[in-house]
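# Coordinate analysis (summary)
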Amino acid sequence: MGLPKVVTRQEWQAAREELLALEKAATRARDALNTRRRELPMVEIDKAYVFEGPDGKAELIDLFEGRPQLVVYHFMFAPEWDAGCASCSGFLDQIGHLAHLRARGTAFAAVSRAPFTKILPFKARLGWTLPWYSSNLSDFNQDFGATVQGEPDGQGAGPELQERPGLSCFLRSGERIFHTYSAFDRGLDNIGFTTNLLDLTALGRQEAWEKPEGRATSSGAPAGSARVRYHDEYAD
């Protein structure tokens, strides 16, 4: 494994201060980007979506829980799967107490295409209490880019639906609902606690694409995301 070179404390401090200048520049750039995100125009939703949750059928406005904002995590869990995505599960494991979001007028819910009868036991298995709804009764996932058409298999079969991890934000004004933002795949990089924390370490996320090379594996273990399991399946 390629490790950082060993230097004196004085040399480390000089290198750290050089990096700190870059970090401060990135922070200012992030603040500017967040401003641009808040300035995005929004689209009014005039289509009715039906979800299924613990209290039966629900509409999109019900997911707001009476609050002005809603963040939906598009959890990858297709109707034919027996369990949800392991990486998405790792993300939900990092969600803290929702009181802090709710105090700022923001509701949070996970949404998947799997029927609620599959979601409920999987949610119980992993010990989550956050709101989770099935969108299997509507085309919510397709309309917001969380479920997309795959490629034909080359043998005459049509394209299959494919799931994408993502996040969408909504704003409510009275009975009117607006879509303000969505992000998918690497667009979620700066949200997860685990990845952000690992980015501060010498070995990083231990992914094959990271630089410098040579830090992706140790002791023959699979790299990075290939190591992700449901939290009740880790040996240690």
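Preceding this section is the structure that the text describes.
Below, the structure is looked at part by part. (Residues numbered from 1 in each chain as written. Predicted model: local features only at pLDDT ≥ 70, side-chain atom pairs only at ≥ 80, totals over all residues. Heavy atoms only, no water.)

## Here's the deal with the overall build of the protein chain
For clarity, the threshold we go by: We count a stretch as a helix when DSSP gives it H or I for four or more residues in a row; a strand needs E for two or more, and each element gets its number in order from the N terminus. Relative accessibility thresholds used throughout: buried, under 20% of the residue-type maximum; exposed, over 50%; partly exposed, between the two (1.4 Å probe, protein chains only). Reported accessibility uses the Shrake-Rupley method at a 1.4 Å probe radius. Residues are deemed covered only where the shown protein chains occlude them.
A count of helices and strands for the protein chain gives six helices and ten strands. Its C-alpha atoms give the protein chain principal-axis dimensions of roughly 65 × 45 × 40 Å. Burial analysis of the protein chain (236 residues in total) assigns 34% to the buried set. In the structure as shown, the protein chain presents an accessible area of about 14600 Å², 54% of it carried by carbon and sulfur atoms.

## Focus on the state of the cysteines
Where we set the bar: Our working definition of a disulfide is a cysteine sulfur pair at a distance within 2.5 Å.
Under the defined criterion, the tally for this structure stands at zero disulfides. A disulfide-free cysteine, Cys-85 has its sulfur positioned 3.7 Å from the sulfur of Cys-88, the nearest such atom. The class of Cys-85 is buried, set by a relative accessible area of 16%.

## So, the environment of Lys-5
Assignment of secondary structure puts Lys-5 in the segment before helix 1 (9-38). A relative accessible area of 74% means that Lys-5 is categorised as exposed. With 15 residues separating them in the primary sequence, Lys-5 and Leu-20 have C-alpha atoms 19 Å apart.

## Here's the deal with helix 4 (residues 116-126)
Basically, it comes down to this: Directions drawn from the helix axis to the C-beta atoms are what define this arc. Contacts are assigned to residue pairs with any non-hydrogen atoms lying within 4.5 Å of each other.
Turning to helix 4, its buried residues are Phe-116, Ile-119, Phe-122, Lys-123 and Leu-126. Projected down its long axis, helix 4 carries its buried residues within an arc of 130°, all on one side. Exposed and oriented more than 90 degrees from the buried face of helix 4 are Thr-117 and Ala-124. Residues of helix 4 that are buried sit in contact with strand 2 (50-53), helix 2 (86-93), strand 5 (106-112) and strand 6 (132-134). Following helix 4 by one or two positions, Gly-127 adopts a phi angle in the positive range, close to 75°.

## Here we look at the pairing of strand 2
Inclusion rule: Only strands joined by at least two bridges in the DSSP assignment are considered to pair.
The side-chain alternation of strand 2 yields one buried face, formed by Phe-51 and Gly-53, and one unburied face, formed by Val-50 and Glu-52. Pairing between strand 2 and strand 3 (residues 56-59): four bridges, direction antiparallel. Within strand 3, the position partnered with Gly-53 by the bridge is Gly-56. Here strand 2 hands over to strand 3 after two residues, the two strands then running antiparallel side by side.

## Looking at the pattern of salt bridges
The cut-off we apply is this: Salt bridges are identified by distance alone: a Lys or Arg side-chain nitrogen within 4 Å of an Asp or Glu carboxyl oxygen.
Under the defined criterion, the tally for this structure stands at twelve salt bridges. Residue Lys-47 pairs with Asp-143 through a salt bridge whose shortest N-O separation is 2.8 Å. Pair noted here: Lys-47 is in the loop between strand 1 (43-44) and strand 2 and Asp-143 is in helix 5 (residues 140-143), with a separation of 96 residues, a long-range link. On the basis of relative accessibility, which here comes to 37%, the residue Lys-47 falls in the partly exposed class. One continuous salt-bridge network, built from bridges that share partners, spans Lys-47, Asp-139 and Asp-143.

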